[in-house]
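What the coordinates show
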Number of protein chains: 2
Amino acid sequence: MAATDDSSVEVDADEFDRAGSAADRAARPRQRARRQRAIDFGGLDTHVGYAVRRAQVAVFQDFLRSVANTGIRPAQFSILTVIAANPGLKQADVSRALGIERGRLVLVLNELEKRGLARRAASDIDRRSHALHLTPKGERLLAQLNLSIGEHERRMSAKLGPEDKARLMDLLRRLVD
Amino acid sequence: MAATDDSSVEVDADEFDRAGSAADRAARPRQRARRQRAIDFGGLDTHVGYAVRRAQVAVFQDFLRSVANTGIRPAQFSILTVIAANPGLKQADVSRALGIERGRLVLVLNELEKRGLARRAASDIDRRSHALHLTPKGERLLAQLNLSIGEHERRMSAKLGPEDKARLMDLLRRLVD
DNA sequence: TATTGTTATACTCTATAACTATA
DNA sequence: TATAGTTATAGAGTATAACAATA
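Residues numbered from 1 in each chain as written. Chains lettered and ligands numbered in written order. Predicted model: local features only at pLDDT ≥ 70, side-chain atom pairs only at ≥ 80, totals over all residues. Heavy atoms only, no water.

All right, on to the overall build of chain A then. Within chain A one finds seven helices and four strands. Helices and strands in chain A line up, N terminus first, as β-α-β-α-α-α-α-β-β-α-α. For chain A, buried positions account for 50% of its 177 residues. Taking the contacts inside chain A whose residues are at least 6 apart along the sequence as the reference set, 57% of them involve residues at least 24 apart. When the accessible area of chain A is evaluated, it comes to approximately 9100 Å², of which 49% is carbon and sulfur surface. (Helix = DSSP H or I, 4+ residues; strand = E, 2+ residues; numbered from the N terminus. Buried < 20%, exposed > 50% of the residue type's maximum accessible area, 1.4 Å probe, protein only. Contact = heavy atoms within 4.5 Å. Areas by Shrake-Rupley, 256 points an atom, 1.4 Å probe, with all protein chains shown as cover.)

Structure representation (structure tokens):
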């Protein structure tokens, strides 16, 4: 169920061991040796998982191009967004909300702190946990990211039209339930 | 843009530094300290990328549970399927069609050969390339996989209904173009 | 006892690049 | 020169498990 963003899924017809019966080949006049032919996906393209994976790869690629100058990856953006919307949130909550493993989140937050975008503060109510905040620099970067990502979202929406985007979001949500 | 399969995205309301103004708190009668409150996704849930990623994770998890007894992963399934549908295909074609890097494909094929599911044969027409085939064991496993994955597909379709599944596939395809 | 953050390991996957043998 | 397959490396991400501090 790997996905591709390369639509040129053709191959040399000659390389197939069974590209059709001898009668088939006689009926369809033989092309040059280098003639390209689309490969058979064997029903893979009717699978929801394959389709949703291909779409995810395509959307993420556009996302990554949109914010390439910032070096921010999708998971980092989602973490910054959730912290900004819920200042003082603790790591365990971010982990649960976004489905990022605790141990993984530690490493990402280390990097965000090193870049001066987020910080861990002491929590008043639970000395085990950290209260997460964006720094002013983190707030500014997030504002800038949201501009670029807004354009990205408009590009994605343009492929669907406004009412079909809403329909897609609803259908995807139903797959998760 | 990380995704979760955990719908319990709630946190202790107490841990927010700014869970609302003092007036707000007075207006909404204060709950017990352990009262849970949903976190604010800060608009993340309106992003196509976030939604499509969450859906992809959810669908793949169901897929993986469906075939857990075989130790087959989505990429392996897609490779087996494409080889079965196009016997004699060469590695570069599989790589292009499925968007798997050449070097990565080498490793996966090594594993499939070691498990006796696929084999590399000499190509008649280009001594650089290999003609890929499933072994009889590979054919049998793929048939069995298709039964399990058929059930998986029906579970996914049941969340959508038949006409909405077709609509979803169309919308996802439009995102890729 | 359970939770929070941390550290570590193994594995999957992507991206990149070099290398060989063929074309 | 370009392509097919191979090998290697670095980085991102998942899955697990152990551990200390704290609840």
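On we go.
The subject of this paragraph is the packing of helix α2 (residues 48-66) of chain A against helix α6 (residues 136-158) of chain A. Residues and elements named next belong to chain A. At a closest axis distance of 9 Å, the pairing of α2 and α6 adopts a crossing angle of 150°. The handedness of the crossing between α2 and α6 is right-handed. Counting all contacts with α2, which are made through Val59, Asp62, Phe63 and Ser66, the residues of α6 involved are Ser148, Ile149, His152, Arg155 and Met156. (Axes fitted to C-alpha atoms, helices over the stretch in contact; angles between N-to-C directions. Left-handed = near helix turned anticlockwise from the far one by under 90°.)

Taken as a whole, chain A shows an average pLDDT of 85; of its residues, 79% reach a score of 70 or greater. For residues 17-35 of chain A, every residue scores under 50 in pLDDT, and the model assigns this stretch 16 contacts once sequence neighbours within four places are set aside. (pLDDT = per-residue confidence, 0-100.)

Glancing now at the pairing of strand β4 (residues 130-134) of chain A. All names here are of chain A. Within β4, four of the five residues are buried, which leaves the element mostly enclosed by the surrounding structure. Two strands pair when backbone bridges link them, and strand β3 (residues 118-122) and β4 are joined in this way by five bridges, in the antiparallel orientation. By the bridge assignment, Ala118 is partnered in β4 with Leu134. (Pairing = 2+ DSSP bridges.)

Our next topic: the protein's contact with DNA strand D. In the region of DNA strand D, 19 residues are neighbours, and A:Arg73, A:Arg104, B:Ala92, B:Arg102 and B:Arg128 sit closest. Within 4 Å of the protein, the contacting atoms of DNA strand D are 67% sugar and phosphate, with bases supplying the remainder. In the environment of DNA strand D, a phosphate oxygen lies 2.8 Å from a nitrogen or oxygen atom belonging to the side chain of A:Arg104. Counting residues per element, the ones that place at least two in the surface near DNA strand D are α5 (102-114) of chain A together with α4 (91-98) and α5 (102-114) of chain B. In terms of residue class, the surface near DNA strand D is made up of two nonpolar, four polar and 13 charged. (Near = heavy atom within 4 Å. Polar contact = N/O pair within 3.5 Å; in protein donor to acceptor, adjacent residues only side chain to side chain. Nonpolar A, V, L, I, M, F, W, Y, C, P; charged D, E, K, R; others polar.)

The full set close to DNA strand C counts 19 residues, and A:Ala92, A:Arg128, B:Arg73, B:Arg104 and B:Arg128 are the nearest of them. Among all atoms of DNA strand C positioned within 4 Å of the protein, those belonging to sugar or phosphate total 68%. At 2.3 Å, a side-chain N or O of B:Arg73 approaches a phosphate oxygen of DNA strand C. When contributions to the surface near DNA strand C are tallied by element, the ones reaching two or more residues are α4 (91-98) and α5 of chain A together with α5 of chain B. When the residues that make up the surface near DNA strand C are grouped by side-chain class, the tally is two nonpolar, four polar and 13 charged.

A few words now on the environment of A:Asn110. Structurally, A:Asn110 can be placed in helix α5. By relative accessible area, which is 36% here, A:Asn110 ends up partly exposed.

This part is about α6(A). An ideal rise of 1.5 Å per residue puts 33 Å on 23 residues; α6(A) measures up with 33 Å between its terminal C-alpha atoms. Those residues of α6(A) that sit buried are A:Gly138, A:Leu141, A:Leu142, A:Leu145, A:Ser148, A:Ile149, A:Gly150, A:His152, A:Glu153, A:Met156 and A:Ser157. Residues of α6(A) that are buried sit in contact with α2, α3 (74-85), β4 and α7 (162-176) of chain A together with α2 (48-66) and α7 (162-176) of chain B. (Expected span 1.5 Å × (residues − 1).)

The final tally for this structure, using the stated rule, is 20 salt bridges over all chains. Between A:Glu113 and A:Arg120 there is a salt bridge whose closest N-O contact spans 2.9 Å. The exposure class of A:Glu113 is partly exposed, given its relative accessible area of 32%. The partner of A:Arg174 in a salt bridge is B:Asp164, and the shortest N-O contact between them spans 2.8 Å. Of this pair, A:Arg174 sits in helix α7 while B:Asp164 sits in helix α7, on two different chains. For B:Asp164, a relative accessible area of 13% puts it in the buried group. Linked through salt bridges whose partners overlap, the residues forming this network are A:Asp164, A:Arg167, B:Asp170 and B:Arg174. (Salt bridge = Lys/Arg side-chain N within 4 Å of Asp/Glu carboxyl O.)

Right, let's get into the packing of α3(A) against α6(A). Residue and element names in this part refer to chain A. Direction vectors running N to C along α3 and α6 enclose 120°, while the axes themselves pass 11 Å from each other. Relative to α6, the element α3 is oriented oblique. Relative to α6, α3 is oriented so that their crossing is left-handed. Each of Phe77, Leu80, Thr81 and Ala84 in α3 lies in contact with α6, whose residues at this interface are Leu142, Leu145, Asn146 and Ile149. Among the residues making up the contact of α3 with α6, the classes are represented as six nonpolar, two polar and no charged. (Parallel < 35°, antiparallel > 145°, perpendicular 65-115°, else oblique.)

Our focus in this paragraph is the packing of aromatic side chains. Residue and element names in this part refer to chain A. Under the criterion given, the structure shown has four aromatic pairs over all chains. Judged by centre distance (6.1 Å) and plane angle (55°), the ring pair of Phe41 and Tyr50 falls under tilted. Judged by its relative accessible area of 12%, Phe41 is buried. Note on Tyr50: relative accessible area 1%, which makes it buried. (Phe/Tyr/Trp six-rings, centres within 6.5 Å; stacked < 30°, edge-to-face > 60°.)

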